[in-house]
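For reference, the chains in residue letters:
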Amino acid sequence: MVKVEGTIDELKLLFIDPASGKFEPSKGKKATKKATKKAKPAVKRAPSAYNKYMKKELAKLKKAHPRMTHQARFKKAAKGWKRSKKGAKK
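Treat the numbers as computed from the prediction; the structure is a model and nothing was measured. (Residues numbered from 1 in each chain as written. Predicted model: local features only at pLDDT ≥ 70, side-chain atom pairs only at ≥ 80, totals over all residues. Heavy atoms only, no water.)

Draft legend 1. Inspection of the nonpolar core at higher detail. Among the nonpolar cores identified, the biggest contains 6 residues, and these are Tyr53, Met54, Leu58, Leu61, Ala77 and Trp81. Looking at this core, the elements with two or more residues in it are α2 (49-64) and α3 (70-83). When residues in this core are grouped by element, the largest group, 4 residues, is from α2. Sequence-distant contacts of Leu58, defined by excluding residues within four places in its chain, comprise His70, Arg73, Phe74 and Ala77. (Core = buried A, V, L, I, M, F, W, Y, C linked by side-chain atoms within 4.5 Å. Buried < 20%, exposed > 50% of the residue type's maximum accessible area, 1.4 Å probe, protein only. Helix = DSSP H or I, 4+ residues; strand = E, 2+ residues; numbered from the N terminus. Contact = heavy atoms within 4.5 Å.)

Given below as C-alpha cells:
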C-alpha cells in the first residue's frame, strides 16, 4: 500500500485528462494492452449429398405428416437415406 499526501484537489489534478478535462481514475495506472488474435473469416462448406437429401426429405415428410414430431421425421428420413443407393456404403 502506498500513502499519498496532498489535498483532494491536488490529487484530482493527477488523474484529470488535459484534453477532455474529465476525471479518469484509470489514468494513474499503467495501461496494458493484451495481444488479440484476428479472427479468420469463416468459410462455409458446400452441403453434402446427405445434407441435400435430408433437407428435401424432411420437407416432404413434414407436408405428408404434419403432426409427426421432428425427431420421428428425422429418423424416417435417415432410414430412407440408408436404404437409398446414395447412402449405401461401397
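Here the narrative resumes.
Draft legend 2. Highlighting α3. For α3, built from 14 residues, the straight-helix expectation of 20 Å at 1.5 Å per residue is met to within 8% by its first-to-last C-alpha distance of 20 Å. Residues Arg73, Ala77, Gly80 and Trp81 constitute the buried set of α3. Relative to the axis of α3, the buried residues are bounded by an arc of 100° and lie together on one face. In α3, the exposed positions that point more than 90 degrees away from the buried face belong to Gln71, Lys75, Lys79, Lys82 and Arg83. Of the surrounding secondary structure, the elements contacted by the buried residues of α3 are α2. (Expected span 1.5 Å × (residues − 1). Arc of directions from axis to C-beta.)

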